[in-house]
Structures are given as structure tokens and as C-alpha cells.
Amino acid sequence: MTYWQIAAGSEGRDYSEDFLRFGMAFVGGAKHVARMQQVQEGDRVILKQGTSAIAAVGSVVKRGASHGGCSDKQWLRDYDGWDLEAYCFVDWHVPARPIAVAGLSRGTIKAIGIPALHKQADQIITANRSKKILEGDPDPVELLSDEEILDFLVREGLRPGAAEDLTSAFRRIRLLAKHYYHNCYWPDVREHETRTFLIMPLLLALGWSEQQIKIELGVTGVGRIDVACFSKSYARDSSGEPNNKDCVLIIETKGFSSGLTFTHAQAKKYATKFPSCKAVVVSNGYCYKTYRKDTKNTFSEYPSAYLNLLSPKKRYPLDPEKVAGGLEVLQLLLTQSWR
């Protein structure tokens, strides 16, 4: 039996809750995928919290014909943009609070040869009941073709003459996003670059003019909004005050390595200062999540739609029953939606 330590993402993209609710552990990246494929039924997995605490411990178990796999679960191939293709099934045991320990190390998945950690892992399993699996695999979702996207947006008001520009923008954005994804150290691609080279070209191609967009708009007592979109050209009124009442859309931009799970709270805080703002969007440059105001004039904690520009889909792969897909995100980002 081998003991493994595993990390569920990193700061800004922590997916430990999904490890527990699906009864799994999953990773991406060639090196980590190779290690995951060494994990065997009966091995023990330590879900670490940083390098100083254990959040859960589990035994690798067989479900159906196997104890794990690689590349065969669609929803893991687009986990908010990350390709987490390799997985194993785990019977998790979760203590009431994380257990402080010494000896854990940095890294996504590694074998552990420290007897004290083995003993601690065994004690956690003995002292805590196994966690019930809350959900099975999400249903598969259909891919969206660019032709379907363009047909939809033209029906929504995109000028047919602008469709060619949007197609070109898709191509440029995807080429650069793939370069960042495969050839760059992700933390080096910071939010100023994703906003300038990936997000702004999409907004312009969807009909927003430069006059309607304010970048890093200062808001008293709150901070600076990454991107604020206005229903008409941004200007000041006769008293010298900005026409902030016309702000209809706020976009929070993040660096390429950032997840989107926890970023919407900041955008919603900004939106409280703009009663006319009907939606907020969070994006790391190629993935987008949208949050709309509901009938009570408040923003939901759960996204309304999701788009991965590298692989657009008709529904959100992680929750297709509740969350719409790429068409709904692009409809929200289309300037005609706010006129």
C-alpha cells in the first residue's frame, strides 16, 4: 500500500469540495497524470491543506470495473478551463477540522514515505466515518460550433457584417490563450495581460465601443473596477459628475492561473454602487462566468452561465442542469443586449 499526498488546486482555484462530494481525486498536467496512473486500489490519499495540515484522508476504491481512469470524463476535461483528465475514486474520511502536521511538501501529487504521516492518516480514517458521495457524474454536454454561435448572435442583434470580425477575434484570442496555456508559466500571465489581449478584443468584437468602456474605474470607498461597460458613451453631466448611472455591466478580470470560483464577490461589491448594473462577469481571459440580478434585485451566489472560449459548450460541464453555457454568456456580453 502506498500513501499519497494530493493538493486540490491552488489559491483561487480550490476544488477540494468537489473531491469530497464526488468521492474522487483528480489532476491535470503530464507529470501529475503519470503519477495518478501509479495509484492503485487500496492506496491511501492525504488531501493536504497547504503544507501544514491534512483536510481529509481516503482509501482508493473500485467503482464499477476500475478504481480510476484518464481522459474519459468530459466534465473533468473542462473544469472551469482546466484539463484535469486523470482521476481515482476515493472513500474519504473528513475530520471536524484540518489536522496540523509536519512533513507535507509542495506539489500536486506525490508518494509519502514518512511513517508519522502514515500513522496520522490511519488514525484519521479510524476516527471518522467515510463521507457519503453526494453526486454522480454530471451529464455530458454538447459542444458549440462557431457557426451556431454566430447564427445565434445575429438573431440577437449582432450586425451580419460584424460576424467576420468576431470570427477573427475568436481565432486570435484562441491562438494566444493556447500559447499561454501550453508555453507559459501561468502566474506570469497577469490580469493586465488577460484583460488587454484576451478580454478587450472580445468586447470590441461584440459591438462595444471604446467610448462605452472604462478600465480601472475608481469607485469611492470600494476600489477600482477592472472593466465597466456603459449603455452609452462615458461622460460627465452638466454638474461635472460621471454618468455612472449608465453602467450596465461590470467585469472582474483575473490572471491566467486564477480560478473563477471566489472572484465574483468582489465584482458584486462594486455593483452595489451602480443600481443600473444588471450583471457581473468574472474572467481569466478565456473562461467566463456570469451572475445576473434576480427579481429581488440581488446577485445570485451561483453563476447563470459559463463559457470556455477554447471549447464552447451549450451548458456548464460541472452543473449542466442549473447553469447555461456559451450562448448565454455571449448574449450577455453583446452590446445590443443593453440598449
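Attention in this report is confined to the structure presented alongside it. None of the values given here were measured: they were computed from a predicted structure.

**Regarding the pattern of salt bridges**
Taken as a whole and assessed by the stated rule, the structure comprises 15 salt bridges. A salt bridge links Arg-44 to Asp-122, with the shortest nitrogen-to-oxygen separation between them at 2.4 Å. Of the two residues, Arg-44 is situated in strand 5 (residues 44-49) and Asp-122 in helix 4 (residues 115-127); the sequence distance between them amounts to 78 residues. With a relative accessible area of 25%, Asp-122 lands in the partly exposed category. One salt bridge in this structure joins Glu-148 and Lys-314, with 3.3 Å as the shortest N-O distance. Placement of Glu-148 in helix 5 (residues 146-155) and of Lys-314 in the loop between strand 16 (305-308) and helix 9 (326-333) is noted, with a sequence separation of 166 residues between them. You can call Glu-148 partly exposed: its relative accessible area is 32%. Here the salt bridges do not stand alone but share partners, grouping Glu-191, Arg-195, Glu-216 and Asp-226 into one network.

**Brief notes about the sheet that holds strand 16**
Strand order in the open sheet formed by 6 strands is 11-12-13-14-15-16, and the pairing between neighbours is mixed. Lying at the two open borders of the sheet, with one neighbouring strand each, are strand 11 (213-219) and strand 16. Taken pair by pair, the neighbouring strands of this sheet meet at an average axis angle of 30 degrees, ignoring direction. One ladder, built from 5 bridges, connects strand 13 (residues 247-253) with strand 14 (residues 279-283); its direction is parallel.

**What about the nonpolar core?**
Phe-26, Leu-202, Leu-203, Leu-249, Ile-250 and Leu-333 are the most contacted members of the largest nonpolar core, which totals 100 residues. At 9 residues, the largest contribution of residues to this core is made by helix 6 (residues 160-183). When sequence neighbours within four positions are dropped, the list of residues in contact with Ile-250 reads Ile-225, Val-227, Ala-267, Tyr-270, Ala-271, Phe-274, Cys-277, Ala-279, Val-280 and Val-281. Judged by nonpolar contacts, the second largest core, of 11 residues, contains Tyr-3, Ile-46, Val-57 and Leu-117.

**Some words on helix 8 (residues 264-271)**
By the burial criterion, the buried members of helix 8 are His-264, Ala-267, Lys-268, Tyr-270 and Ala-271. An end-on view of helix 8 places all buried positions within 155 degrees of arc, on one side of the element. Looking at the packing, one finds that the buried side of helix 8 touches strand 12 (223-230), strand 13, strand 14 and strand 15 (287-292).

About the criteria used
Within any chain, residue numbers begin from 1 and follow the written order of that chain's sequence. With pLDDT at 70 or above as the cut-off, local features in this predicted model cover only qualifying residues; side-chain atom pairs require 80 or more to be listed or tallied, and sums for whole chains, interfaces and linings still use all residues. Values shown for side chains rest on all heavy atoms present in the structure; no hydrogens or waters enter the calculation. Salt bridges are counted wherever a side-chain nitrogen of Lys or Arg sits within 4 Å of a carboxyl oxygen of Asp or Glu. Only runs of H or I of at least four residues qualify as helices and only runs of E of at least two qualify as strands under DSSP, and these elements are numbered from the N terminus. Remark: exposure states derive from per-residue accessible area (1.4 Å probe, protein chains only) relative to the maximum for the residue type, with buried under 20%, exposed over 50%, and partly exposed in between. Two strands pair under a simple rule: DSSP has to find at least two bridges between them. Helix axes use the C-alpha atoms of the stretch in contact, all axes being lines fitted to C-alpha atoms, and the angles between their N-to-C directions lie in the range 0 to 180 degrees. Definition of nonpolar core: a set of buried residues of the types Ala, Val, Leu, Ile, Met, Phe, Trp, Tyr and Cys, connected through side-chain atoms within 4.5 Å. The contact criterion used is simple: two residues touch if any of their non-hydrogen atoms lie within 4.5 Å. It is the directions from the helix axis to the C-beta atoms whose arc is reported.

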